[in-house]
Amino acid sequence: MTVVHETRIGPLYLEASTDGLTLVGFSAPAEPGPVVGKHLDLARRELDAYLDGDLREFTVPVDVSGAHDRRILDGLRHVAWGSTITYGALATQVGLPVSDSRRVGGAMARNPVAIVVPCHRVVGADGSLTGYAGGLGTKRALLDLEAADAMLF
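Residues numbered from 1 in each chain as written. Predicted model: local features only at pLDDT ≥ 70, side-chain atom pairs only at ≥ 80, totals over all residues. Heavy atoms only, no water.

(A) Broad picture of the pattern of salt bridges. Scanning the entire structure with this criterion turns up 9 salt bridges. For aspartate 41, the salt bridge identified is with arginine 44, shortest N-O distance 2.5 Å. Residue aspartate 41 and its partner arginine 44 are located together in helix H1 (residues 37-51), separated by 3 residues, close to a single helical turn. Of the residues examined, arginine 44 reaches a relative accessible area of 24% and is grouped as partly exposed. The salt bridge partner of arginine 77 is aspartate 74, with a shortest N-O separation of 3.8 Å. (Salt bridge = Lys/Arg side-chain N within 4 Å of Asp/Glu carboxyl O. Helix = DSSP H or I, 4+ residues; strand = E, 2+ residues; numbered from the N terminus. Buried < 20%, exposed > 50% of the residue type's maximum accessible area, 1.4 Å probe, protein only.)

Right under this line is the structure:
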């Protein structure tokens, strides 16, 4: 069972385990997983606060235990609000050669908890926006949201 959460950027599909959030997606999963309520309420509140520009860091627990390339996703959690990192730089940050930037791109494409684990902050080597599950318009909107808020401080 998947919970659909309506947001200002469109519907987000949420799932959670007893350990944390397992899905924040832009489309319904082919095979819905179990939903555990205790993390979902916090996730909804935090996603709304983030999209309103009132939250910079998520506290909802995330369960990516089944994710491919988990260490890349773990490394991505350290990319701060309002900043970006290239695929190659993220590769070296997690101990991979810069030549593994395609592997990083694959991990971003399979990121099960978009926004909360901020794959929208990963850009091409020249700073260009590259693929995003929610579409490049959504990626740009999320980066603009963070950049606009960062300019206030």
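So much for the structure itself; the text now carries on.
(B) Molecular detail of the environment of isoleucine 85. In this fold, isoleucine 85 is placed in strand S4 (residues 85-86). Judged by relative accessible area, isoleucine 85 falls into the buried class, the value being 12%. The spatial distance from the C-alpha of isoleucine 85 to the C-alpha of glycine 127 is 8.6 Å, given a sequence separation of 42 residues. With near-sequence residues (within four places) excluded, isoleucine 85 lies in contact with Val79, Leu90, Gln93, Arg121, Val122 and Val123. (Contact = heavy atoms within 4.5 Å.)

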